[in-house]
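Structure assessment
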Amino acid sequence: MRWIASGVTPIAFLVLALGLMVMPDTALAQEAQEVAAEAAEVLEAAVDAVAGESPAEEAASATPIDATFIANNLWIMIAGMLVFIMHLGFATLETGLTRSKNTVNILFKNTMIVCIGILTYALVGFNLMYPGFDEVVGIAGWLDVDAIKGFITADTSDTDLFGPDYAAYTWYTDFFFQAMFAATCCTIVSGAVAERIKLSSFLLFATLFVSISYPITGAWKWGGGWLDTLGFYDFAGSTIVHSVGGWAALVMVILLGPRLGKYNADGSSNAIPGHSLTLAAIGVFLLWFGWFGFNGGSVLSADPILVSLVLVTTSMAAAAGGVAAGLVSWAAAGKPDLSMALNGVLAGLVGITAGADQMAIWESVVIGGVAGALVYFAVIFFDRVLKIDDPVGATSVHLVCGIWGTLAVGIFGAKAGMAQLGYQATGIVAMGVFTIVFTLIVGGAIKAAMGLRVSDEEQIEGLDLGEHDMAAYPDFQQTTIKSYQLREA
Amino acid sequence: MRWIASGVTPIAFLVLALGLMVMPDTALAQEAQEVAAEAAEVLEAAVDAVAGESPAEEAASATPIDATFIANNLWIMIAGMLVFIMHLGFATLETGLTRSKNTVNILFKNTMIVCIGILTYALVGFNLMYPGFDEVVGIAGWLDVDAIKGFITADTSDTDLFGPDYAAYTWYTDFFFQAMFAATCCTIVSGAVAERIKLSSFLLFATLFVSISYPITGAWKWGGGWLDTLGFYDFAGSTIVHSVGGWAALVMVILLGPRLGKYNADGSSNAIPGHSLTLAAIGVFLLWFGWFGFNGGSVLSADPILVSLVLVTTSMAAAAGGVAAGLVSWAAAGKPDLSMALNGVLAGLVGITAGADQMAIWESVVIGGVAGALVYFAVIFFDRVLKIDDPVGATSVHLVCGIWGTLAVGIFGAKAGMAQLGYQATGIVAMGVFTIVFTLIVGGAIKAAMGLRVSDEEQIEGLDLGEHDMAAYPDFQQTTIKSYQLREA
Amino acid sequence: MRWIASGVTPIAFLVLALGLMVMPDTALAQEAQEVAAEAAEVLEAAVDAVAGESPAEEAASATPIDATFIANNLWIMIAGMLVFIMHLGFATLETGLTRSKNTVNILFKNTMIVCIGILTYALVGFNLMYPGFDEVVGIAGWLDVDAIKGFITADTSDTDLFGPDYAAYTWYTDFFFQAMFAATCCTIVSGAVAERIKLSSFLLFATLFVSISYPITGAWKWGGGWLDTLGFYDFAGSTIVHSVGGWAALVMVILLGPRLGKYNADGSSNAIPGHSLTLAAIGVFLLWFGWFGFNGGSVLSADPILVSLVLVTTSMAAAAGGVAAGLVSWAAAGKPDLSMALNGVLAGLVGITAGADQMAIWESVVIGGVAGALVYFAVIFFDRVLKIDDPVGATSVHLVCGIWGTLAVGIFGAKAGMAQLGYQATGIVAMGVFTIVFTLIVGGAIKAAMGLRVSDEEQIEGLDLGEHDMAAYPDFQQTTIKSYQLREA
Amino acid sequence: MHMIEAVIKPAALGSLKKRLTELGILGMTALECKGYGKQRGHTERYRGARMDVGFVPKVLLKIAVKSDDLDKTIEAITQAACTGSVGDGKLFVYELSRVVRVRTGEKDQDAL
Amino acid sequence: MHMIEAVIKPAALGSLKKRLTELGILGMTALECKGYGKQRGHTERYRGARMDVGFVPKVLLKIAVKSDDLDKTIEAITQAACTGSVGDGKLFVYELSRVVRVRTGEKDQDAL
Amino acid sequence: MHMIEAVIKPAALGSLKKRLTELGILGMTALECKGYGKQRGHTERYRGARMDVGFVPKVLLKIAVKSDDLDKTIEAITQAACTGSVGDGKLFVYELSRVVRVRTGEKDQDAL
Ligand SMILES: Nc1ncnc2c1ncn2[C@@H]1O[C@H](COP(=O)(O)OP(=O)(O)O)[C@@H](O)[C@H]1O
Ligand SMILES: Nc1ncnc2c1ncn2[C@@H]1O[C@H](COP(=O)(O)OP(=O)(O)O)[C@@H](O)[C@H]1O
Ligand SMILES: Nc1ncnc2c1ncn2[C@@H]1O[C@H](COP(=O)(O)OP(=O)(O)O)[C@@H](O)[C@H]1O
């Protein structure tokens, strides 16, 4: 368990990482200059090779292997773009499900998460997560100090990184796709802690989480680590991305406490409606759209059969999840609940993610439908029984359905079986424990050192004024006259 | 005309379909298990074949045919994703063009239509629409009971379905693209009946329409039916998707009646402005974006010449439609009307859809420009003369311009000629008559059995509270002080 | 310098272009008929060639060259679609950063710019910008009258236009991608002049700018003109698109004057907050997304190494720009400013555009970071020192960072060197001077002839009522009670 | 001179305005408001929770009238706004000591 | 009969409403408003500029009461809305000459 | 003590507030409202239809003043809000019987 050991040095890592980013010392700068010069030559050569020839010549000299490689690489690049657009989906979803007085804060958080996520992934995460690839770039091991700047200053003259010998896509494509993935994981936390967390505390946690915790657990499977060896299967990340993000969200919510006014003295819970269900719906559609890249790109090639199967299972599960949550809310509460139906779509998507390439069509419908029903009860259970105040339902969607989806690989599809179910459970527990411990330590340290919650006055006035001195919608009259009173169902 | 015969048993079909979806009997379940086991094996083989080999090996063994197939399949998959995003376009357009008190309802409807559309298309529509393909999957005929569950439980070991022998793309890709198309047709109805239709009645109608009526008329042409044999041409569905959706919308609006307050005692009409032209504009841009997949994907391969031509004609027609509608409204009313310009863009897109691969550049400009002008007068004609209350202009855009675009194939482009014009008219009339009859019977039956309209009180309060007990924008002060009075131009 | 000579005949050009568009004389119509007939035949042949064969046959006869060509062409088409979606990004960004009473006007402008941009690019711009290609289509020179209708009526039987002999993509794809680019340039101006420019004056200027000025300066480099020969390098248009758009914006803002209430008698400046930071954030995410096509497509093939490198450098620069602007605003003003962080992302994107294919990863971080910091000070400098009232910060983002990015090609990356820096400066100055002169002449002429500003009353009431008689958000209570008073920092 | 403040249902505004115009009352000021009274607010739902919202959207009309017009105006409003169902609203009347028209400086009766 | 107009902090509305209900005051009308007084408005920022916004969001409550209930209602409001910090708000009281319930036509005391 | 209710054009708010501050009037409450009077509402268009919207956006200001300050306040408002064009607005004045400052419990004159 050498991985866990690294959990004790997160702060050191961060300082190092930030240091490298913000103020490279002269030695590094010099080294960088050299590397850049080399890189420049290689690039020049590459440019010449491609642009220098007339398109006709180039085409004429193309061999079959190139066309397949081009098509595969093209798909993974496009998949990366689709995963990127998920960040807009998360931003609009989380904005829509929270109050208008906290909108600037949420948008700022989500914009920064993408930016920080990509930067730190280049500095730390990518090399931490794929230690196997270190050998390719000639770096000894992932704990080596060099590793943390592997991608950003790597020897780009190693053409092995750019051709079929590396993968079905180039090294840059690999980074592009993986970096977009990594930031996703953090965004899950963002929604759960919204409307009361201090901006600086959150950004610090998010940076540490995306640059250390996520790559370590990810490496256990996708980096060829012990869970991979064991037989654990998680196609596109029901656990590696979603339940891991969900665990972090859960722990942070517990450390942070509920929003002011969420729970009454008698323990009953008040609903705090978000300010725009339109934004929430836009977010869910964009997330579904982006998920085509999230799951479809995880095939790691443009293989026609597998990718198209994955797109179909993904869509079927999303559709089944939406219908199931819509119907369950209709049956349980007498009227269909849009916020639940939207969560149901996401639940279906999270649920199918672990086994999207393993399921028959009807199995994806079942997995998605169960996830959709599950999310309805999970939201209510977290909200009313566990008193977890999660404004956007991130724990219900990502944690609960992420676990469900991971287990489903042992129940349905090509890998179904008791042994597999055991591997799946092992993976869920191992990653859960690591993430919980990491979040408790880092989140707890931040809480002790700088505090997690904004003041009550700031919460009442809104974080937009408190943290940013800005208003998101200055031209619209906000309503302050609302007095919702929960009527227990 | 064996197709029409099937129109009389829609309810039977639906019950069957829903039955299959909701509660598979044990026999079916068992059969499914077997199929799944087989599917699992095939998938495993496929996974091995692809993922098992190192990427390098795989690439080395690739033959030219593979790369072309990969690229073609990739484009059709991406086109399917683009058509998917049209649903977000429709959702924002329809939400923007209606009042804020009905927003939750519209978003719920449009989310459910996508979900239900995909699910029922897998159960019924896909096999109903492409009877020719039944032979490929070894199923006798499309009226066979097996057919309606063909896709969802098909023998996936038949590798013919996944290679170039099937098409330029896999069977899954085919379904993915077609299913996204099918749901589009229903969404057209959704906008026209907005703000007063009962949610349950609408969802029932939409389910029946997308699973029975649309596939039957679609099969006449795209399934290789009699209109195809005749020579009728409809590249991407000006008639098969748009005018068919428009006819259903028209009949439903007539069955349903206008919104409260739309028409005065003297027969004059009041404008009921939508709550966000920003959302409407976002919707139109997204629809244009999605249309690149709708039309471009209808080439059914990534053929460079045809697809790029289609993208250009599509864009030229959209641009011409927007400019034409903008200028016409400017000339006719003294000031340029954004809602009309947006409708003009859509009109141009609908207009070019039937012949996007047949037109020279300048012809696409003419077709789009005419559509843009047409939509301006159609909106006014439907609204004031025919007293058809269609909040989003679905009949003007999809029905009128769908007919225009279909006829345009006989007037312009490679197929122009009197004979072709006759085939086009035949197709328009045949599909129109079938759709009108179907909608009258099914819509009429629903009206008789469960009613179509919500109560007047609910209309005044808004369907969001009536059907869902939710408010879309609880943080914004709504204006109730408005008293628009129409001044006849 | 024969290019500059053409600057004196813009009006003649426009009249001609509009004339051609609106009312083709009979001779032209007849000619068009013939061309269309030819085109029809070719298309028919093409359709036969592709659709006529069974997919299997087609696939079997495919040669390696086809697959590469298909993949390359596919990417450039998709890149064009991504650039298209940037227009939605600009529309939402500009709408969000302005007041709700001017929303309809901004949406109308931005919708029309896309439409007009595409139409005029087909009529004039495409042939004006790529004179080298005229020879391919057999047209003598770009000043020839025939040239301005080259694309729209070109001899489509010249199969050279559709195969690898032309480029790595078809002629249609080329147009599609370039036309989407061209319209972008105009949209930059749109934001800067928002909230007080007369609609008709703006549309006239935009039409002239996109059909004459942009193609001429563009041709100097991308058309193989003198700057290309000189050694000036601008990969995807930091100067050719962004700083050129920025110069036009700057001159127009000076001709137009500030918004009412922007500057006090004592010269101090008031902030005029936009009505939705949510829309602004959506816009920035969409622009980032679209930039993958803007930069990635500028590789002009799907070359795996170059395109993936470009996607990575683009993302790193955007991320660094966002973080830098966020941190600078945090440090400078005590609280982090979302509007600045968003501008920082765009600044990073604009900055990397000129050298996205030339930089090592760490260089792209530096370029983006500098751009992000730069934009913060540029916004304040333009606003408070130069008293340039630019509601969306277009001059700071596109002009300042466009110049920075262009110069950066001489400072960092494969081409770094004093000579290159000189070429870069030459290009910046030459295009700047031409654009300034053009804008002064044309903008000045429009100002003299029809005026640029709406009346003060119209400004107070809002351009939505003044120019369109429409309200964007009739269901929401607008706030008129605001009295912001600038407190100088 | 009296000021009539009428809290009415939003849907009644159109007919009320028409009636007052017929009566020759050509000025009024309207505000969005929320009322609380015998009429119960609606129930809302959100992510599985059900809650009561006490306030109901209403329109608050302010109509300044000459004292002579008071009775007929009150009657007109009462009639036009009455649907007979709970929540129809209330009128409150108070005396004005002064009225000034900003544009002309006209005072009191002349300003109405 | 008197009308009490109370300008209060939005956050005080919930407890105030509860207190009035306990007191038997079952009707009121609430409006969104913005106040200006001793309490300074907040500072906002936008694209590098810092500016003062003078007005603070408040709720304006209108409560018509029988003259007998006036004192205890005022006291209840004062207590429920008081946090002790600047900006707690003010009450303004004026006399009503008439009250009419639209639905029933009930007048004055009966209408309250 | 008197309450001045002034319906003014939104654009006049800034200068009005400045003038009142100069005068030493340091409290006021502002509400968004819509007015109907001699000034005609604007015309709107939507999908080919043209329609009249009767109401014009205005700001309703409530300013409670000591009776001594009444005249000069009225004059100040009238001057600051007057542009001379139709729709400049109206002032309505009524007597207050009580004023209470919530925070301190101060009463009447002391509370202003
Ligand atoms: N005492 C009061 N003070 C102020 N406004 C009141 C009072 N009582 C009722 N209202 C207003 O009148 C509206 C209608 O009153 P309600 O009791 O609901 O109906 P009804 O008068 O038909 O019985 C309420 O929504 C509220 O705005
Ligand atoms: N003279 C006045 N006329 C009308 N409203 C006033 C007046 N003075 C204060 N107010 C209202 O009372 C609110 C609270 O007053 P403020 O002076 O800020 O706090 P406090 O009364 O606690 O000192 C203000 O926001 C304003 O809405
Ligand atoms: N009788 C009235 N009662 C209440 N408000 C009125 C009355 N008459 C006018 N107003 C308000 O005064 C505003 C200005 O009045 P208007 O007649 O349009 O302009 P002017 O007073 O300049 O002739 C109106 O918009 C309305 O809000």
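All of these numbers come straight from a predicted model, not from anything done at the bench.

This next bit is on the nonpolar core. Grouped together as the largest cluster of nonpolar side chains are 481 residues, with contacts concentrated most on Trp75 and Trp288 of chain A, Trp75 and Trp288 of chain B together with Trp75 and Trp288 of chain C. Each residue touching tryptophan 288 of chain B, except ones within four places of it in the same chain, is listed here: Ser315, Ala318, Ala319, Val345 and Leu349 of chain B together with Phe84, Val114, Cys115 and Ile118 of chain C. Core analysis: the second largest hydrophobic core is formed by 36 residues, Leu31 of chain D together with Met1, Leu60 and Ala111 of chain F among them.

With that settled, the discussion passes to the relation of the copies chain A and chain C. Overlaying chain A with chain C gives an RMSD of 0.0 Å, the required rotation being 120° about an axis along which the chain moves by 0.0 Å. Taken together, the turn and the small shift mark the pair as related by a three-fold rotation axis. Interface residue correspondence from chain A to chain C reaches only 10%, placing this contact among heterologous pairings that use different surfaces.

On to the interface of chain A and chain C, then. Each side of the interface is counted separately: chain A has 68 residues, and chain C has 74 residues. Summing both partners gives a buried area of about 5900 Å² for chain A against chain C, and 80% of it is carried by carbon and sulfur. We note a salt bridge from aspartate 469 of chain A to lysine 335 of chain C, for which the minimum N-O separation is 3.5 Å. Counting across the chain A and chain C interface gives eleven residue pairs in polar contact (both at pLDDT 80 or more). When residues of the side of chain A that touches chain C are traced back to their parent elements, those giving at least two are helix 3 (26–52), helix 4 (55–61), helix 5 (64–96), helix 6 (103–129), helix 8 (150–153), helix 9 (171–192), helix 10 (199–221) and helix 20 (463–468) of chain A. The element that contributes the greatest number of residues to the side of chain A that touches chain C is helix 5 of chain A, accounting for 15 residues. Among the residues forming the side of chain A that touches chain C, the class breakdown is 50 nonpolar, 14 polar and four charged.

The subject of this paragraph is the interface of chain F and chain E. The interface is formed by 25 residues belonging to chain F together with 33 residues belonging to chain E. Note on chain F versus chain E: buried area summed over both sides is about 2300 Å², and carbon and sulfur give 61% of it. When the buried area of chain F at its contact with chain E is split by residue, Arg98, Val102 and Arg103 of chain F rank highest and sum to 30% of it. Run the count over chain F and chain E and you get two salt bridges. Between arginine 98 of chain F and aspartate 71 of chain E there is a salt bridge, with its nearest N and O atoms 2.8 Å apart. Here chain F is connected to chain E by nine residue pairs in polar contact (both at pLDDT 80 or more). Of all the secondary structure elements, the ones that give two or more residues to the side of chain F that touches chain E are helix 1 (13–23), strand 2 (28–36), strand 5 (56–65), strand 6 (89–95) and strand 7 (98–101) of chain F. Across the side of chain F that touches chain E, the residue classes break down as 14 nonpolar, four polar and seven charged. As paired strands, strand 2 (residues 28–36) of chain E and strand 2 of chain F are joined by three bridges and run antiparallel to one another.

With that settled, consider the site of ligand 3. Taken together, 21 residues surround ligand 3, and among them Thr29, Ala64, Arg101 and Arg103 of chain D together with Lys38 of chain F come closest. Tyrosine 36 of chain F places a main-chain nitrogen or oxygen 3.3 Å from an oxygen atom of ligand 3. Computed on the free molecule, ligand 3 has an accessible area of 550 Å², of which 98% lies beneath the protein chains in the complex. Those elements that place two or more of their residues in the shell around ligand 3 are strand 2 (28–36) and strand 5 (56–65) of chain D together with strand 2 and strand 6 of chain F. Here the shell around ligand 3 is built from residues that sort into seven nonpolar, seven polar and seven charged.

To continue, consider the packing of helix 6 (residues 103–129) of chain C against helix 10 (residues 199–221) of chain C. Residues and elements named next belong to chain C. Contact geometry for helix 6 and helix 10: axes closest at 9 Å, N-to-C directions at 35°. For the pair helix 6 and helix 10, the crossing hand works out as right-handed. In terms of residue class, the contact of helix 6 with helix 10 is built from 17 nonpolar, seven polar and one charged.

The next thing to look at is helix 17 (residues 394–411) of chain C. Residues and elements named next belong to chain C. The end-to-end C-alpha distance of helix 17 is 24 Å, a good match for the 26 Å that 18 residues give at a rise of 1.5 Å each. Cysteine 401 marks the point of greatest bend in helix 17, at about 25°. Of all 18 residues in helix 17, 14 are buried; the element is thus mostly enclosed. Phi turns positive one or two residues past the end of helix 17, at glycine 413, with a value near 80°.

A few words now on the site of ligand 2. In the vicinity of ligand 2 there are 21 residues, among which Lys38 of chain E together with Thr29, Ala64, Arg101 and Arg103 of chain F approach most closely. Interatomic distance of 3.3 Å between a backbone N/O atom of tyrosine 36 of chain E and an oxygen atom of ligand 2. Interatomic distance of 2.5 Å between a side-chain N/O atom of arginine 103 of chain F and an oxygen atom of ligand 2. Computed on the free molecule, ligand 2 has an accessible area of 550 Å², of which 98% lies beneath the protein chains in the complex. The set of elements that each furnish at least two residues to the shell around ligand 2 consists of strand 2 and strand 6 (89–95) of chain E together with strand 2 and strand 5 of chain F. The residue makeup of the shell around ligand 2, split by class, is seven nonpolar, seven polar and seven charged.

Cut-offs used in this document
- Residues numbered from 1 in each chain as written.
- Chains lettered and ligands numbered in written order.
- Predicted model: local features only at pLDDT ≥ 70, side-chain atom pairs only at ≥ 80, totals over all residues.
- Heavy atoms only, no water.
- Core = buried A, V, L, I, M, F, W, Y, C linked by side-chain atoms within 4.5 Å.
- Buried < 20%, exposed > 50% of the residue type's maximum accessible area, 1.4 Å probe, protein only.
- Contact = heavy atoms within 4.5 Å.
- Least-squares fit on C-alpha atoms with pLDDT ≥ 70 in both.
- Buried area = accessible area lost by both parts, 1.4 Å probe.
- Salt bridge = Lys/Arg side-chain N within 4 Å of Asp/Glu carboxyl O.
- Polar contact = N/O pair within 3.5 Å; in protein donor to acceptor, adjacent residues only side chain to side chain.
- Helix = DSSP H or I, 4+ residues; strand = E, 2+ residues; numbered from the N terminus.
- Nonpolar A, V, L, I, M, F, W, Y, C, P; charged D, E, K, R; others polar.
- Pairing = 2+ DSSP bridges.
- Near = heavy atom within 4 Å.
- Areas by Shrake-Rupley, 256 points an atom, 1.4 Å probe, with all protein chains shown as cover.
- Axes fitted to C-alpha atoms, helices over the stretch in contact; angles between N-to-C directions.
- Left-handed = near helix turned anticlockwise from the far one by under 90°.
- Expected span 1.5 Å × (residues − 1).
- Bend = angle between axes of the 7 residues up to and from the residue.

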